[in-house]
Protein chains: 2
Amino acid sequence: MVLNRADIEVKYQRFQREFVAALNRIDPQVEFVSDVWERPEGGGGISMVASGDGVIEKAAVNFSSVAGETPAQISERLTSESSTFAATGVSIIVHPANPHAPTFHSNIRYFETDSGRAWFGGGADLTPYYLYEVDVIEFHSALAEVCDRHELADYAAWKQECDRYFRLPHRGEARGVGGIFFDHLEGDMEQTLRFQLDFAETLTDVYPRILDRRVDHEFTESQRQWQLYRRGRYVEFNLLWDRGTKFGIETGGRAESILASLPPLVRFEYGYEPAADSPESRMLSLLRDQPRRWVPDSLLGTPATKV
Amino acid sequence: MVLNRADIEVKYQRFQREFVAALNRIDPQVEFVSDVWERPEGGGGISMVASGDGVIEKAAVNFSSVAGETPAQISERLTSESSTFAATGVSIIVHPANPHAPTFHSNIRYFETDSGRAWFGGGADLTPYYLYEVDVIEFHSALAEVCDRHELADYAAWKQECDRYFRLPHRGEARGVGGIFFDHLEGDMEQTLRFQLDFAETLTDVYPRILDRRVDHEFTESQRQWQLYRRGRYVEFNLLWDRGTKFGIETGGRAESILASLPPLVRFEYGYEPAADSPESRMLSLLRDQPRRWVPDSLLGTPATKV
């Protein structure tokens, strides 16, 4: 059955508000500014963006709902038979000031075409600058658990998908420690929506908890410089490789919202390599190695073990 | 007639050294580090990169000469019948520390395919953060003059090509105040090479002179912040739109050299607009307007007026 898009939009906006509220509990000083915008070709959005000197250096929690003719350059990518599309979603990016706290990215989205097809997509991933295994395990475990609660969800496959997607081939590096990435969920739409909202609630819970744990960690100027340097890779990924960014830019999306994901301050340095055996080089080795498994076997339910 | 590529490479490397020497005369403290690298698939290069706290915050003057099989994803773009290619060139980027001094970019290049075709390309353009018309006129006039000395060169057409190329469509902005951009020069190769070397000499003269004029200009912290913010547009252009970057990344080029063009420190801010009637907003208006003419008519020779 086809869902009511307006209903999904209401639920997506609630997720937007709740995520912002959760960040505000960790950083009460940071002020989110709401920017309501319209797209000339149809639809619009609400961008909630914060920048500050406290815990959160920059965050964007953006809702959008756009509709219109499928642009020629992406119609093939969407579906061959459709000429109009509607897409609604929430995109989140959080760049903490403290280099010990990881950057967080997430996205949930719903697509409809005029040929009657509709599907969900989404994902969440973590980009630490220093490796705290406990954070990464907690993040991946929360994702594995929410997947385990829904028959249609497949943590192991989606974790792999995420590792494949968030890579910088030109650097031979992963962007971060991954998470999950799913697309084209077309089965039972009500169950899929239920999963997506449970997923959203999980994110609202788990990332602020990890953030809260790291934000009082003392850091040195050289640790800050390493964070600014690594943020450069985030920029490279988003502008060179990210399909969402390309889709947005090519469809004449609102540049200011699409590029709100870019870090507040970034450093590019030619030929930089961290000292051997430093925490920085250990982080880099992890990103250059094969993706690791983060969740204990006991947590990895298979479809057969799900109720 | 077909030129000797090794001979061109020698001349390109001389240009590289002379441009570095010219920058060093303006900023004697800045230290260029030479990085000789090899490309596993054939060829290699010499990257000369500097970063410092003085006049030049970052500069890259890179020579490369690569050869190999034409990668599938670009063979169409190059020429339909060729299966191997050779490309040699010099790429220059200078990011001064002082926001009153413009960023400079240039490139000269020579291509050969196994089907016997060969051509030259190149260009140079200026990206100021504050508008000093005298600088822009001097830059464009020098380019118009060197074009005027060579029958095959067409300043007016190449200036337009440059304006067309260095645009950020998603922002509705020019990257800077342009310059010239030329490609696929296939006529008399000896004459073309002679033009290119004269062009290179012009650049070695004109940009350091403009730089020298601005580097002692006092600046405020907010002017510096404007520069860092506008450098973000440079990053957006290079990673989202620049064909040279795409070509390099897609052909498995050396990422560290290709991305040496990225500014040393960059700031991204959501929704920023400079105050009305400020020097910053005047600069922005210029970039959003139709490209301006910078050279007096008297300087614009037509082919008929050339000797």
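These figures come from a predicted structure and were not determined experimentally. Along each chain, residue indices are assigned from 1 in the same order as the chain's sequence is written. Labels follow written order: the first chain is A, the first ligand is 1, and so on. pLDDT decides what is reported in this predicted model: residues at 70 or higher carry local features, side-chain atom pairs at 80 or more are listed and counted, and totals for whole chains, interfaces and linings draw on all residues regardless. Derived side-chain values reflect all non-hydrogen atoms in the structure, with water molecules and hydrogen atoms excluded from consideration.

### A few points about the state of the cysteines
Pairs of cysteine sulfur atoms within 2.5 Å are identified as disulfides in what follows. A full pass over the atoms with the stated rule returns zero disulfides over all chains. Free cysteine Cys147 of chain B: the closest other cysteine sulfur is in Cys162 of chain B, separated by 11 Å.

### A few points about the interface of chain B and chain A
It is common to give the size of an interface as the accessible area that goes away when the parts come together. Counting residues at the interface gives 31 residues for chain B, matched by 31 residues for chain A. The quantity reported as buried area is the accessible area (1.4 Å probe) lost by two parts once they are put together, taken as the sum for both. Together, the buried faces of chain B and chain A total about 2,500 Å²; carbon and sulfur atoms form 67% of this surface. For this document, the term salt bridge refers to a Lys or Arg side-chain nitrogen within 4 Å of an Asp or Glu carboxyl oxygen. Summed over the shared surface of chain B and chain A, the result is two salt bridges. Put simply, Arg171 of chain A and Glu256 of chain B hold a salt bridge, and the shortest N to O gap is 2.4 Å. In DSSP terms, a helix is any run of H or I states spanning at least four residues, a strand is any run of E spanning at least two, and both are numbered starting from the N terminus. Elements with a contribution of two residues or more to the side of chain B that touches chain A: strand 2 (43–51), helix 6 (221–241), helix 7 (243–250), helix 8 (255–258) and strand 10 (265–267) of chain B. With six residues, the single largest contributor to the side of chain B that touches chain A is helix 6 of chain B. Any two residues whose heavy atoms approach within 4.5 Å at even a single point are treated as in contact.

### What about the sheet that holds strand 6 (residues 118–127) of chain A?
Residue and element names in this part refer to chain A. Overall, antiparallel pairing links the seven strands, which are arranged 1-2-3-4-5-6-9 in an open sheet. On the outer flanks of this sheet lie strand 1 (33–38) and strand 9 (178–185), each paired with one strand and no other. Strand-to-strand twist across the sheet, computed as the mean angle between neighbouring axes with direction ignored, equals 10 degrees. Two strands make a pair as long as DSSP finds a minimum of two bridges between them. With six bridges connecting them, strand 6 and strand 9 associate as antiparallel partners. Note on geometry: axes are C-alpha line fits, over the in-contact stretch for helices, and angles between N-to-C directions span 0 to 180 degrees.

### Here we look at the pairing of strand 5 (residues 103–113) of chain A
Residue and element names in this part refer to chain A. For each residue, the accessible area found with a 1.4 Å probe, counting protein chains only, is set against the maximum for its type, and the residue is called buried under 20%, exposed over 50%, and partly exposed in between. When you tally the buried positions in strand 5, you get eleven out of eleven residues, the bulk of the element. Here strand 5 shows a buried face lined by Thr103, His105, Asn107, Arg109, Phe111 and Thr113 and a second buried face lined by Phe104, Ser106, Ile108, Tyr110 and Glu112. Two strands pair when backbone bridges link them, and strand 4 (residues 84–96) and strand 5 are joined in this way by ten bridges, in the antiparallel orientation. Along strand 5, the bridge assignment pairs Val90 with Ile108. Here strand 4 folds back onto strand 5, and the loop between the two strands holds six residues. Summarising the sheet, strand 5 and strand 6 pair through ten bridges and their orientation is antiparallel.

### Focus on the pattern of salt bridges
All names here are of chain A. Evaluation of the coordinates by the stated rule reveals 50 salt bridges over all chains. The shortest N-O distance in the salt bridge between Glu112 and Arg5 comes to 3.0 Å. Of this pair, Glu112 sits in strand 5 while Arg5 sits in helix 1 (residues 5–26), and the two are 107 residues apart along the sequence. A residue is classified by how much of its surface remains accessible, and Arg5, at 25% relative accessible area, is partly exposed.

### Description of the environment of Phe120 of chain A
Residues and elements named next belong to chain A. Mapping Phe120 onto the fold places it in strand 6. Remark: the alpha-carbon pair of Phe120 and Val90, spanning 30 residues in sequence, is separated by 12 Å. Setting aside chain neighbours within four positions, we find Phe120 in contact with Leu3, Ile8, Tyr12, Arg109, Tyr110, Asp183, His184, Leu185, Met189, Thr192, Leu193 and Gln196.

### Side note on helix 1 of chain A
Residue pairs three or four apart in sequence face the same way in an α-helix, which turns once every 3.6 residues. Residue and element names in this part refer to chain A. Expected span of a helix: the number of residues minus one, times 1.5 Å. Relative to the 32 Å expected for 22 residues at 1.5 Å per residue, helix 1 spans 32 Å between its end C-alpha atoms, a close match to the ideal helical length. The elements touched by buried residues of helix 1 are strand 2 (43–51), strand 3 (56–69), strand 4, strand 5, strand 6 and helix 5 (189–214). Sitting at the amino-terminal end of helix 1 is Asn4, which places a side-chain oxygen 2.9 Å from the backbone nitrogen of Ala6. Any N or O atom pair separated by 3.5 Å or less is treated as a polar contact, with the protein-specific requirement of one donor-capable and one acceptor-capable atom, and with residues adjacent in sequence counted only for side-chain atom pairs.

Honestly, that's just the spatial picture; any functional story needs more than this.
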